[in-house]
Amino acid sequence: MAPGSRLRALLVGAVVLTGLFVLVVAAAIALITHQRAPVAEPGGAAAPTAPATEGPRDSGRPEPPEGVEVLRERRIDGRTLDLTLRSAALADVTTVRLLLPEGWSPAAGRTWPTLWLLHGGLDDHRGWSRSDVGKLTADAPVIVVMPDGGRCGSYSDWHNGGQGGPPRWATHHLKELLPLLESRYAAGGERAIAGYSMGGQGAMLYAATGRFKAAASFSGAVHTLLPGVDIAVMIGTTAGCPGTDWKRIWGDPRADREVWEEHDPYHQAGRLRGVRLYVASGDGRPGQGELFGDVTEELAHKAGTAFAGRLKELGIPVETHFYRGKHNMTYWNKELRRALPLLLSEIGAGG
């Protein structure tokens, strides 16, 4: 190899290794931050917990689903209700946080549309409580649904070497939680969904099932097979969920490519026809006086632009907002504010 070619190869290798190192460090920092700075509960101390009780149920509502049991209802404040659930799909106990509209009651004789908000990796059902969602929806006639999706759940039924079985996050959310809310908590059939990071991927995958009228991705992993994004998924799972083999989720991206494509919004884009769509991400570039940018957001930007391009190739309308910014709630909060009118108008809950 010529000296110039050898030098170029060494430089490219150094850049790749540096990028991977930053990804690992970013994941580790996110993990430490998540563990050391728990989300503050709105409204201060929670009300005492009590076993869930079966209230009056409108005979026109769906029957409660099998496989999920409400273990506890916990009022955090006037609007916030946490449900602790035992899920057969997960073979575990999990939590969903609800923000309830004014006048809500399970026995009100009416239903409310729902806005599902999905959290990102290394987070839980409290993730969106760091945003202004409470203020932004205070006067909206909508139930906000914020489920736990697992620190590395990927909003998917895990492949588990082709054997399937728990955790089955998509089954839990769509076939246990969704009908539970409609049968016992006055949720209606008009639904919108949004999410950040891993939740952006989940929002688009769930919308592709036909259950949601509008969907938004904020810095989402909406092209998981894009070079660099696939590596980030593997490293993120390894660093963020120690002891978890990343191949359990979708298998190997080469040997099990069909499984990866089934969970890649880019490859499922055709199934989003008829859904009102919003896609946003920052570019991750360093700000003035900063030495390093945000590698995670750079990858999200590449995934987002590729996904939006694919939608346009298919003739599927999408509203986009690509901006200068990073991978954190400061920007996702702004995007929620921008996207909320679109999401609520599609489900009849707009102002």
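Residues numbered from 1 in each chain as written. Predicted model: local features only at pLDDT ≥ 70, side-chain atom pairs only at ≥ 80, totals over all residues. Heavy atoms only, no water.

Taken as a whole, this structure holds 14 salt bridges when the rule is applied. Note that Arg310 and Glu313 form a salt bridge whose closest N and O atoms lie 3.0 Å from each other. Taken together, the positions of Arg310 and Glu313, both in helix H8 (residues 295-313) and three residues apart, correspond to about one turn of that helix. For Glu313, a relative accessible area of 59% gives the class exposed. A salt bridge links Arg338 to Glu335, with the shortest nitrogen-to-oxygen separation between them at 3.9 Å. Of this pair, Arg338 and Glu335 both sit in helix H9 (residues 329-346), separated by three residues, roughly a single helical turn. On the basis of relative accessible area, Arg338 is assigned to the partly exposed category, the value being 44%. (Salt bridge = Lys/Arg side-chain N within 4 Å of Asp/Glu carboxyl O. Helix = DSSP H or I, 4+ residues; strand = E, 2+ residues; numbered from the N terminus. Buried < 20%, exposed > 50% of the residue type's maximum accessible area, 1.4 Å probe, protein only.)

With that settled, consider the side chain of Glu335. The buried category is assigned to Glu335, whose relative accessible area is 2%. Sequence-distant contacts of Glu335, that is, excluding residues within four places in its chain, are made with Phe218, Tyr278, Ala280, His321 and Tyr323. (Contact = heavy atoms within 4.5 Å.)

Our next topic: the nonpolar core. Counting 48 residues, the largest nonpolar core has Leu98, Leu181, Ile193, Tyr206, Leu272 and Leu277 as the members making the most contacts within it. Ignoring sequence-local partners within four residues, the contact set of Leu272 consists of Met204, Ala207, Ala208, Leu277, Phe307, Leu311 and Ile316. Ranked by size, the runner-up nonpolar core spans 28 residues in total, among them Val144, Phe218, Ala280 and Leu336. (Core = buried A, V, L, I, M, F, W, Y, C linked by side-chain atoms within 4.5 Å.)

This brings us to the packing of aromatic side chains. Enumeration over the complete set of coordinates arrives at eight aromatic pairs. Summarising the aromatic geometry, the rings of Tyr155 and Tyr206 are spaced 5.9 Å apart at their centres and angled 90 degrees between planes, so their arrangement reads as edge-to-face. Highlighted residues: Tyr155 in the loop between strand E5 (143-147) and helix H3 (169-184) and Tyr206 in helix H4 (residues 198-207), separated in sequence by 51 residues. Under the relative-accessibility criterion, Tyr155 is labelled buried at 1%. Through a chain of ring-to-ring contacts, three or more aromatic side chains come together here, namely Trp128, Tyr196, Phe218, Tyr278 and Trp332. (Phe/Tyr/Trp six-rings, centres within 6.5 Å; stacked < 30°, edge-to-face > 60°.)

Quick look at the environment of Gly325 now. Of note, Gly325 is situated in the loop between strand E9 (319-323) and H9. Separated by 38 residues in sequence, Gly325 and Gly287 have C-alpha atoms that sit 8.5 Å apart. Residues contacting Gly325, with those up to four places away along its chain left out, are Gly282, Asp283, Gly284, Glu297 and Tyr331.

All right, on to H9 then. Here H9 contains 18 residues, and its C-alpha end-to-end distance of 24 Å stays within 8% of the 26 Å for a straight helix at 1.5 Å per residue. Taken together, the buried positions of H9 are Met329, Trp332, Asn333, Glu335, Leu336, Ala339, Leu340, Leu342, Leu343 and Leu344. Turning to H9, the residues buried within the fold contact strand E4 (112-118), helix H2 (133-136), strand E6 (187-196), strand E7 (214-218), strand E8 (276-282) and E9. Looking at where H9 begins, the residue whose side-chain oxygen comes 3.1 Å from the main-chain nitrogen of Thr330 is Asn328. At the exit of H9 stands Gly348, carrying a positive phi of roughly 75 degrees. (Expected span 1.5 Å × (residues − 1). Polar contact = N/O pair within 3.5 Å; in protein donor to acceptor, adjacent residues only side chain to side chain.)

Read from one edge to the other, the open sheet built from nine strands follows the order E1-E2-E3-E5-E4-E6-E7-E8-E9, with strand pairing classed as mixed. Of all the strands in the sheet, just strand E1 (68-75) and E9 have a single pairing partner and so form its edges. For this sheet, the mean inter-axis angle between neighbouring strands, taken without regard to orientation, is 20 degrees. Of the pairings in the sheet, the one linking E8 to E9 comprises five bridges and is parallel in character. Residue pairing across strands places Ala280 opposite His321, the latter belonging to E9. Together, E4, E6, E7 and E8 form the strand contacts of H4, whose direction differs from that of E6 by roughly 145 degrees. (Pairing = 2+ DSSP bridges. Axes fitted to C-alpha atoms, helices over the stretch in contact; angles between N-to-C directions.)

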